[in-house]
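As a plain string of letters, each chain reads:
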Amino acid sequence: MRKKWLMMLLAMITLMVYPVSAYAAEGPTTVGLQIGMDTAFTFLAFILVFFMQAGFALLEAGSVRMKNAGHVAGKTVLTLAIASLCFWAFGFGLGFGNGNGFFGTTGFFYGGDSTASLFESLAFSDVTLNVKFLFQMAFAAVSLAIVSGGMAERAKLSVYIIFGILFSIVIYPVVAHWVWGGGWLAELGMQDYAGSTVVHLTGATAAVVATILLKPRLGKFNKEGKPVIIPGHNQVFTVLGVLILWFGWFGFNPGSALSPMGGFFGYVALTTNVAAAAGGLAALIASWLYFGKSDIPAMLNGVLAALVAITGACAFVEPWAALIIGFVAGAFTFMTSQWLERAGLDDPIYAFSVHGIAGIWGAVSTGLFAAPRLIEEGALVGGAGLFYGGGFHQLGVQILGVVGTFIFVAVMSFIILYIMKMVTGLRVTEEEELMGLDISEHGTYGYPEQMKLISESESKSKTLKH
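So, a few notes on the structure that sits alongside this text.

Basis of the calculations
- Residues numbered from 1 in each chain as written.
- Predicted model: local features only at pLDDT ≥ 70, side-chain atom pairs only at ≥ 80, totals over all residues.
- Heavy atoms only, no water.
- Helix = DSSP H or I, 4+ residues; strand = E, 2+ residues; numbered from the N terminus.
- Contact = heavy atoms within 4.5 Å.
- Areas by Shrake-Rupley, 256 points an atom, 1.4 Å probe, with all protein chains shown as cover.
- Lys, Arg positive; Asp, Glu negative; His and termini not counted.
- Charge placed at Lys NZ, Arg CZ, Asp CG, Glu CD.
- Core = buried A, V, L, I, M, F, W, Y, C linked by side-chain atoms within 4.5 Å.
- Buried < 20%, exposed > 50% of the residue type's maximum accessible area, 1.4 Å probe, protein only.
- Phe/Tyr/Trp six-rings, centres within 6.5 Å; stacked < 30°, edge-to-face > 60°.
- Expected span 1.5 Å × (residues − 1).
- Axes fitted to C-alpha atoms, helices over the stretch in contact; angles between N-to-C directions.
- Parallel < 35°, antiparallel > 145°, perpendicular 65-115°, else oblique.
- Left-handed = near helix turned anticlockwise from the far one by under 90°.
- Nonpolar A, V, L, I, M, F, W, Y, C, P; charged D, E, K, R; others polar.
- Salt bridge = Lys/Arg side-chain N within 4 Å of Asp/Glu carboxyl O.

**Regarding the overall build of the protein chain**
Link 1 in the chain: Scanning the protein chain from terminus to terminus reveals 17 helices and 0 strands.
Link 2 in the chain: Taken along its principal axes, the extent of the C-alpha atoms in the protein chain is 85 × 50 × 45 Å.
Link 3 in the chain: In the protein chain, the share of contacts with a sequence separation of at least 24, taken over all contacts with a separation of at least 6, comes to 74%.
Link 4 in the chain: Counting only carbon and sulfur atoms, one obtains 70% of the accessible surface of the protein chain, whose full area is about 19,700 Å².
Link 5 in the chain: In the protein chain, the 23 positive side-chain charges and the 26 negative ones have mean positions that sit 11 Å from each other.

**Topic: the nonpolar core**
Here is a general trend for soluble globular proteins: nonpolar side chains tend to be buried in one another's company.
Link 1 in the chain: Core analysis: the largest hydrophobic core is formed by 113 residues, its most contacted members being Phe163 and Tyr172.
Link 2 in the chain: Element by element, the count of residues in this core is highest for helix H4 (residues 129-149), at 14 residues.
Link 3 in the chain: Contacts of Phe163, omitting those with residues within four sequence positions, involve Val147, Met151, Ile171, Ala206, Ser413, Ile416, Leu417 and Met420.

**What about the packing of aromatic side chains?**
Link 1 in the chain: Per the stated rule, a full pass over the model turns up 29 aromatic pairs.
Link 2 in the chain: Centre to centre, the rings of Phe87 and Phe92 are 5.7 Å apart; their planes meet at 50°, and the pair counts as tilted.
Link 3 in the chain: What makes Phe92 buried here is its relative accessible area of 0%.
Link 4 in the chain: Here Trp320 and Phe369 contribute two aromatic rings whose centre-to-centre distance is 5.9 Å and whose plane-to-plane angle is 85°, an arrangement assigned as edge-to-face. Residue Trp320 is located in helix H11 (residues 319-342), and its partner Phe369 is located in helix H12 (residues 351-369); the two are separated by 49 residues in the primary sequence.

**Thoughts on the environment of Gly62**
Link 1 in the chain: Structurally, Gly62 can be placed in helix H2 (residues 30-63).
Link 2 in the chain: For Gly62, a relative accessible area of 2% corresponds to the buried category.
Link 3 in the chain: Not counting residues within four places of it along the chain, the set of residues in contact with Gly62 comprises Gly232, His233, Asn234, Phe237 and Thr238.

**What about H11?**
Link 1 in the chain: For H11, which comprises 24 residues, the first-to-last C-alpha distance of 35 Å matches the rise-based estimate of 34 Å (1.5 Å per residue) to within 8%.
Link 2 in the chain: Looking one or two residues past H11, Gly344 carries a phi angle of roughly 110°, positive in sign.

**Observations regarding the packing of H12 against helix H14 (residues 393-423)**
Link 1 in the chain: At a minimum axis distance of 6 Å, the contact between H12 and H14 shows a crossing angle of 155°. Of the possible angle classes, the one that applies to H12 and H14 is roughly antiparallel. Pair H12 / H14 crosses with right-handed handedness. In contact with Phe352, Ile360, Ala363, Val364, Thr366, Gly367 and Leu368 of H12, H14 contributes Gln394, Leu395, Gln398, Ile399, Val402 and Phe406.
Link 2 in the chain: Here the contact of H12 with H14 is composed, by residue class, of 9 nonpolar, 4 polar and no charged.

**Thoughts on the packing of helix H5 (residues 157-180) against helix H7 (residues 196-214)**
Link 1 in the chain: In contact at an axis separation of 10 Å, H5 and H7 are set at 140° when each is read in the N-to-C sense. One finds that H5 runs oblique with respect to H7. The two elements H5 and H7 meet at a crossing, and its hand is right-handed. In this structure, H5 contributes Phe163, Phe167, Ile171, Tyr172, Val175, Ala176, Val179 and Trp180 to the contact, and H7 contributes Val198, Val199, Thr202, Gly203 and Ala206.
Link 2 in the chain: Counted by class, the contact of H5 with H7 contains 11 nonpolar, 2 polar and no charged residues.

**Examining the environment of Ala358**
Link 1 in the chain: Along the chain, Ala358 turns up in helix H12.
Link 2 in the chain: Relative accessible area serves as the criterion here: at 1%, Ala358 is assigned to the buried category.
Link 3 in the chain: Between the alpha carbons of Ala358 and Phe332 there is a distance of 8.0 Å; along the sequence they are 26 residues apart.
Link 4 in the chain: Beyond its immediate sequence surroundings of up to four residues, Ala358 is in contact with Ala305, Val308, Ala309, Thr333 and Ser353.

**Some words on the pattern of salt bridges**
Link 1 in the chain: As enumerated under the stated definition, the model contains 8 salt bridges in all.
Link 2 in the chain: In this structure, Arg217 engages Glu153 in a salt bridge whose closest nitrogen and oxygen atoms are separated by 2.3 Å. Here Arg217, found in the loop between H7 and helix H8 (235-252), pairs with Glu153, found in the loop between H4 and H5; they are 64 residues apart in sequence, far enough to count as distant. Here Arg217 and Glu153 have matching classes, each one buried.
Link 3 in the chain: The salt bridge partner of Arg217 is Asp346, with a shortest N-O separation of 2.9 Å. Of this pair, Arg217 sits in the loop between H7 and H8 while Asp346 sits in the loop between H11 and H12, placing them 129 residues apart in sequence. Accessibility classification places Arg217 together with Asp346 in one group, the buried group.

Listed below in C-alpha cells is the structure:
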C-alpha cells in the first residue's frame, strides 16, 4: 500500500515538473517516463531538504534566550536567501561546472537545462539539470545554516550577510567540487554519499572559527573560568526542530540516489533511521551517566550527530554498522561538547560537536565499514573498508579528505572573518548584547508581550532596591 501511494505521488509530481508536451506527439516512451519519475523523485527530495530550514529555525530559536529568538529565527530565512542567490550566480558553476581538480570554471549565472554540457560531473543521471541545481542549492543552504548557528546571540547581522555571501561562493562550492564535482578527492575515490564532509564538516569548521573569533557570550563563564549553563528559552521548539530535521534527512540521504528505480533509496533510508535512533539513545545514556539525570538537549544532539555521521556512509554500510556509527556519534558528540565547553568554547547549539566531530567520524567510518556488495549495487564509489579486507587505502583517502577539507575551510574562514573583525567588527556592543539582538538589530522583540513584562519587572526591582 505504501509503495502504491509513493508511486502515485511521484506520478503527480512528474506531471508538474516534467513537460507534458514531451509526450504529446507519440505518447510517453519508457525512457521518457523514467526520466520524469527520476526528476519527480529528486524534486520531492529537494522539497524535504529545503524544509529542513524550518527545523533549523525552531532548533536554534529554541536553544537561545527569548530576547534573541526572533533574530535567530529570522536570520535562517536571510541565510537561505543568500545561499540561493550566490549558488545560482557562482556556487553551482564553481562546484559542479567543468574545470580543474580544485574548482569549476563554467556555468556561472546558471541559465537552465540548456547549459547541461557545462556540468559534465552531473551527467551520470538523467534528472533534468534544473532540479539537480535546486537539489544541490538546498545542500549549500544547509551548510550555511550550520555556520550561522555557531554565531548565535552575539554576532552582528552584517556578519551573517557578508560571510554568508563569501562562504557560498569561495568556500562551500570548492569543497563540493573536490568530492562531487570531479575534483581531486573524487579522482581518489572519496566516499561521501550525501555530505558528512562536504556539507557538515565544511559548515562546522567555519562555525568553530567564527565562534573562537567572536569569543564567549557575556556571562557564559564565571570568574574561575568554569562554564555557566545558559538554557534555551523553549525546549519544545528544539524537539520539534529536531523532528523536522530527522524528517528532512530522508530527502538528504535517500534523495541522493536521484532515482526511485531499483529501490536503493529505501536501503539508504533504512541505515539512516537506524543510525539516528541509536545516536539519540547513546547520547541520552551518556548524559545520564555524566549528570546523574537524562538530558533532553543531549539526546536531541545525539540524534543530529548520528544523522550527520551516517550521511556520508548511508549507502556504503550494512545496518549493523549503521547502528555502531550512530551510537558512537551520539555518545562521542556528547563527550566532546562537554570537553570543548570546559576548554572555553561557547558554541550555543554545539555546531562543531554535532556537525564537525560527527562529520569527521562519518567520513572515517566508511574507510572501516564500506561493504563491497553495496559499492557494487548502488554507491559505485571507492573501495571496501578496512574491516572487509580493503586494507588501509580507502581509510587513507577518507582521512586525507577530512584533513584537506578542515584545513582549507579553517584557513579561508579565518582570513575572511579576521579581516571583517579588523574592518567592521564581528560582535555587537555589550549594551546591545545585554538588551538582546531582537531589539538592538531589528527594533522589536520576537516575544513583545513577554519581554515587556520582564522589562517592567526588572524596572520595579531596581526601584525597590534604591
